[in-house]
Amino acid sequence: MKLYCLSGHPTLPCNVLKFKSTTIMLDCGLDTTSVLHFLPLPLVHSPRLSKLPSWVSKDGSLHLEKRELLDLSTVDVILVSNYHCMMALPYITEHTGFTGTVYATEPTLTIGRMLMEELVNFMERVPKAQSATCWKNKEIQRMLPGPLKDAVDVWAWKRSYSLQEVNSALSKVQLVGYSQKVELFGAVQVSPLSSGYSLGSSNWTIQSHHEKVSYVSGSSLLTTHPQPMDQSSLKNSDVLILTGLTQMPTANPDGMLGEFCSNLAMTIRAGGNVLVPCYPSGVIYDLLECLYQLCHNKQSKVYLPEPPFPHAELIQTNKLKHYASIHGDFSIEFRQPCVVFTGHPSLRFGDVVHFMELWGKSSLNTIIFTEPDFSYLDALAPYQPLAMKCVYCPIDTRLNFHQVSKLLKEVQPVHVVCPEQYTQPPLTQSHRSDLMLELQPPPMPYRRCSVLSLPHRRRYERVYILPELANSLVPSEIKPGVSLATVSAVLHSKDNKHTLQSVVKPPPAPPGKKRKRVPEEPPVLLAPKPLLSGAVPLEAFLATLQKHGITEVKVEETADGHMLHLQAEDTLIQLEEDGTHIVCDNNEPLRTTLRDLVLRFLQKL
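Quick caveat: nothing in here was measured; it's all calculated off a predicted structure.

Regarding the packing of aromatic side chains
- Taken as a whole and judged by the stated rule, the model has eleven aromatic pairs.
- Taken together, a centroid distance of 5.1 Å and an interplanar angle of 35° make the contact between F330 and F334 tilted.
- Classification of F330 as buried rests on a relative accessible area of 14%.
- Judged by relative accessible area, which is 22%, F334 ranks as partly exposed.
- Arranged with centres 5.0 Å apart and planes meeting at 55°, the rings of F355 and W359 form a pair that is tilted. Residue F355 and its partner W359 are located together in helix α11 (residues 352-359), separated by four residues, close to a single helical turn.
- Aromatic rings pair up to connect Y323, F330, F334, F355 and W359 into one cluster.

Pasting the structure below:
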């Protein structure tokens, strides 16, 4: 059992598990933090942004060596835990020779499609006049301003995928429901479990008849908009792969939510506008619910004709308006002061760039960062100097170290595998031992581009026996309550299912005719050697030797049994718990006689 680690980002994982002849990719997150190295893409020409210093590439191109840890065309299936962890899917399914199947829940597919289409739209509606690649040359890169000159693996950065690639990638997704069991090639069963983090988010179990691997990614124990986390199904795991813990272990989500509401209310009262750069799904549901407090018991509303989320009511009552972009109806209906939720959280593309230009010069306005994926200081850098107020209250509802330690004590996996970042405190808080995993035995850490041989070893395989073959067996009792039978059979293996079948005796050849050679000869039935069980009792064996004229026997006790020296015959007999050895030089009749005497005390099967 091996684990290939393709991502160095704990909350955007991409791991490949090789287990029982299947190759399973666990998530394919897309790290977009590299966009912070580039200037924003404004919808209209921005004189201020265009005057910022930039680096212009020279003509030319650079051939980049393609380096891969694993041939992704060998991946059989991809298991998706949540919509944030599937954003790299088109790069894998469309450019690596992948021919397998992707499994995800319906909400994950629906919202993942929305996020991908939004990303494509953000990029394609602001086409660039030219593109450059030669800056990726290390000799040129080191001359660029920081932090771009220090960026790692820039050769791996790719252009955004197209809408056609998105549709092709998502056509390979097969929908599954919570606790649904999906069999992979007869080798293992995979099943999604509710993780409690986002709509449709899942943890996964990967099980054979005798082994169980659990994959825990992006989970939450908080009572928010998704279905609660299924913890009990993670029990009895031989290996638990843990990733996707909170990026803000010291920031309490409830406290951040309160700070969000407080700053928003103060800004609106003062006549200012509030800008919230965010994703179109996720924490935004909780922000709207907390902000307006119009839904007191959302769980009961699921069974009523009314919509379960408060934003649906707000839309019906015209208190919440949603628009495809800043063009069209928005430009007509726009009123101030207001609160605008828009993308992208990086502030590098999307409608948020327009609002930063529009509202950034007034100190009455406030921008509130709630998404933890990007450094808010780096996101704001191209817009400085900035008059509007900035509030950073990241809301990350995923498991913290205290919660995950408690969870692991309850489910008790035999082995835990996690990113190495979780096995040591953060560099800026090296004294905080509570911000790391402390387990016994210690977890197995992994880092990007590492290959782990997981400690669990397969010991058993299930084999089926056909009824007619089972009826032919004759068990022999070797000790009270334990019977044993020998079997001669053909082992038939197909689709990782193993079956013992009766050996078919070949029909006799017709007399006087040569037998025609057939493509597949039936197996030759050999007479099985008898199996021996039992022990040779010392005293009874000595008495038997004496009856056969062997009287001069010297007995020595050994660690595993007894050593018998037949002095007159110059022969040694070793009587041990798991075997008997007769050492007799150049006297085959004597060795045969002694063997037969030993066999009298053993049971033949």
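Some thoughts on the packing of helix α15 (residues 538-547) against helix α16 (residues 588-599)
- Close contact between α15 and α16 brings their axes to 10 Å; oriented N to C, the two are set at 140°. Here α15 lies oblique to α16, going by the angle between them. Classified by chirality, the crossing of α16 by α15 is right-handed. Residue-level inspection shows F541, T544 and L545 of α15 in contact with α16, the latter providing L594, L597 and V598.
- Within the contact of α15 with α16, the residues separate by chemical class into five nonpolar, one polar and no charged.

Re empty space enclosed by the protein
- Using the criterion set out here, one finds two cavities of 30 Å³ or more in the structure.
- Counted as a void, the largest cavity has a volume near 460 Å³.
- Taken together, 32 residues line the largest cavity, and the ones lying closest to its centre are L12, H84, Y279, E371 and D373.
- Of all the secondary structure elements, the ones that give two or more residues to the lining of the largest cavity are α3 (106-124) and α7 (283-292).
- Counting residues per element, the lining of the largest cavity draws most heavily on α3, at three residues.
- P277, P345, F369, T370, E371, F374, S375, Y376 and A379 are the residues that line the second largest cavity.
- Its residues assigned to classes, the lining of the second largest cavity comprises six nonpolar, two polar and one charged.

A word on a nonpolar patch on the surface
- On the surface, I478, V482, L484 and L531 cluster together to form a nonpolar patch covering roughly 280 Å² of accessible area.
- Mapped onto the elements of the fold, L531 is located in the loop between β23 (497-501) and β24 (532-533).
- Judged by relative accessible area, L531 falls into the partly exposed class, the value being 43%.

A look at α3
- The terminal C-alpha atoms of α3, which comprises 19 residues, lie 27 Å apart, in line with the 27 Å expected from a rise of 1.5 Å per residue.
- For α3, the set of buried residues is T108, L109, I111, G112, L115, M116, E118, L119, V120 and F122.
- Elements that come into contact with the buried residues of α3 comprise α2 (89-95), β5 (101-104), α5 (163-170) and β6 (173-175).

Re the sheet that holds strand β25 (residues 553-557)
- Here we have four strands laid out as an open sheet, ordered β25-β26-β27-β28, and antiparallel in their pairing. Unpaired on one side and paired on the other, β25 and β28 (579-583) mark the two borders of the sheet. Recorded for the sheet is a direction-independent mean angle of 15° between the axes of neighbouring strands.
- As paired strands, strand β27 (residues 571-576) and β28 are joined by five bridges and run antiparallel to one another. Across the sheet, the residue bridging to E576 is G579, located in β28.
- Its contacts with the sheet place α15 against β25, β26 (561-566) and β27, and it is angled at close to 15° to β26.
- In the packing of α16 onto the sheet, contacts are made with β26, β27 and β28, and the angle to β28 comes to roughly 160°.

As for the layout of surface pockets
- In this structure, the second largest pocket occupies an estimated 1,200 Å³ of space.
- Lining the second largest pocket are 37 residues, with L320, K321, H322, Y323 and F341 positioned closest to its centre.
- Elements represented by at least two residues in the lining of the second largest pocket include exactly α3, α7, α9 (310-316), α10 (329-333) and β13 (339-342).
- Residues of the lining of the second largest pocket, tallied by class, amount to 23 nonpolar, seven polar and seven charged.
- Shared between two domains, the lining of the second largest pocket takes at least three residues from each, and those domains are domain 1 (2-47 + 54-249 + 397-453) and domain 2 (253-392).

Looking at the side chain of T105
- Considering the arrangement of structural elements, one finds T105 in the loop between β5 and α3.
- From its side chain, T105 meets the backbone oxygen of G200 in a polar contact 2.7 Å long.
- Ignoring anything within four residues of it in the chain, the contact list for T105 reads L175, V176, Y178, G200 and S202.

A closer look at unusual backbone geometry
- Of note, the bond from G343 into H344 is cis; its omega dihedral lies within 30 degrees of zero at 15°.
- A positive phi angle, close to 70°, is found at C449, a residue other than glycine.
- The phi torsion at N496 lies on the positive side, around 60°, for a residue other than glycine.
- Tracing the chain through its elements places N496 in the loop between β22 (490-494) and β23.
- Given a relative accessible area of 29%, N496 falls into the partly exposed group.

Thoughts on α5
- The set of residues buried in α5 consists of V166, A169 and L170. Projected down its long axis, α5 shows its buried positions confined to an angular sector of 90°, all on one face.
- The inward-facing, buried residues of α5 contact α2, α3 and β6.

Here's the deal with the side chain of D238
- Of note, D238 is situated in the loop between β10 (212-217) and β11 (239-243).
- Notably, D238 is buried but unbridged: the nearest opposite-charge side chain belongs to K212, and the N-O separation is 8.6 Å.
- Those residues in contact with D238 that lie beyond four places of it in its chain are H210, E211, K212, V414, H415 and H456.

Rules of the game
Here, residues in each chain are numbered from 1, in the same order as that chain's written sequence. The predicted origin of the model limits local features to residues at a pLDDT of at least 70 and limits the giving and counting of side-chain atom pairs to 80 or more, whereas totals for whole chains, interfaces and linings rest on all residues. For side-chain calculations, the full set of non-hydrogen atoms in the structure is used, while hydrogens and water are omitted. Two rings belonging to Phe, Tyr or Trp (six-membered ring only in the last case) form a pair when the distance between their centres is within 6.5 Å. Interplanar angles under 30 degrees mark stacking, angles over 60 mark edge-to-face geometry, and anything in between is tilted. Whether a residue is buried, partly exposed or exposed follows from its accessible area with a 1.4 Å probe, protein chains only, as a fraction of its type maximum: under 20%, in between, or over 50%, in that order. Going along the chain from the N terminus, every DSSP run of H or I of four or more residues is numbered as a helix, and every run of E of two or more is numbered as a strand. Comment: axis = line fitted to C-alpha atoms, over the contacting stretch for helices; angle = value between 0 and 180 degrees taken between N-to-C directions. Oblique is the label for any angle not covered by the other classes, which are roughly parallel (under 35 degrees), roughly antiparallel (over 145) and roughly perpendicular (65 to 115). Crossing handedness is read from the near helix: turned anticlockwise from the far helix by less than a right angle, it gives a left-handed crossing, and turned clockwise, a right-handed one. In what follows, residue pairs with any heavy atoms lying within 4.5 Å of each other are defined as contacts. Following the grouping adopted for this structure description, the nonpolar residues are Ala, Val, Leu, Ile, Met, Phe, Trp, Tyr, Cys and Pro, the charged ones are Asp, Glu, Lys and Arg, and the polar ones are all others, Gly among them. Whether a set of points on the 1 Å grid over the protein atoms alone is a cavity depends on a 1.4 Å probe fitting there but being unable to get out, while an open set qualifies as a pocket with protein on both sides within 12 Å along at least five of seven lines; lining residues are those with an atom within 4 Å of a point. Grid points are joined across faces, edges and corners, and a volume is the space filled by probe spheres set on the points. In this scheme, patches are assembled from residues that exceed 30% relative accessible area and form no salt bridge. Like charges are connected within 9 Å, while nonpolar side chains (Val, Leu, Ile, Met, Phe, Trp, Tyr) are connected within 5 Å. To be clear on the numbers: accessible area is Shrake-Rupley with a 1.4 Å probe, and residue cover counts the displayed protein chains and nothing else. The salt bridge criterion pairs a side-chain nitrogen of Lys or Arg with a carboxyl oxygen of Asp or Glu, the two atoms within 4 Å. Working rule for helices: expected span equals 1.5 Å times residues minus one. Strands qualify as paired when DSSP identifies two bridges or more between them. Domain delimitation in this document rests on an assignment produced automatically or drawn from a domain database. Contacts described as polar in this section are N or O atom pairs within 3.5 Å, which, within protein, must combine one atom able to donate a hydrogen with one able to accept it, while residues neighboring in sequence count only if both atoms come from side chains. It is the directions from the helix axis to the C-beta atoms whose arc is reported. Only four residue types enter the tally: Lys and Arg on the positive side, Asp and Glu on the negative side, with His and both chain ends excluded.

Everything listed here is a matter of geometry and, on its own, says nothing about what the molecule does.
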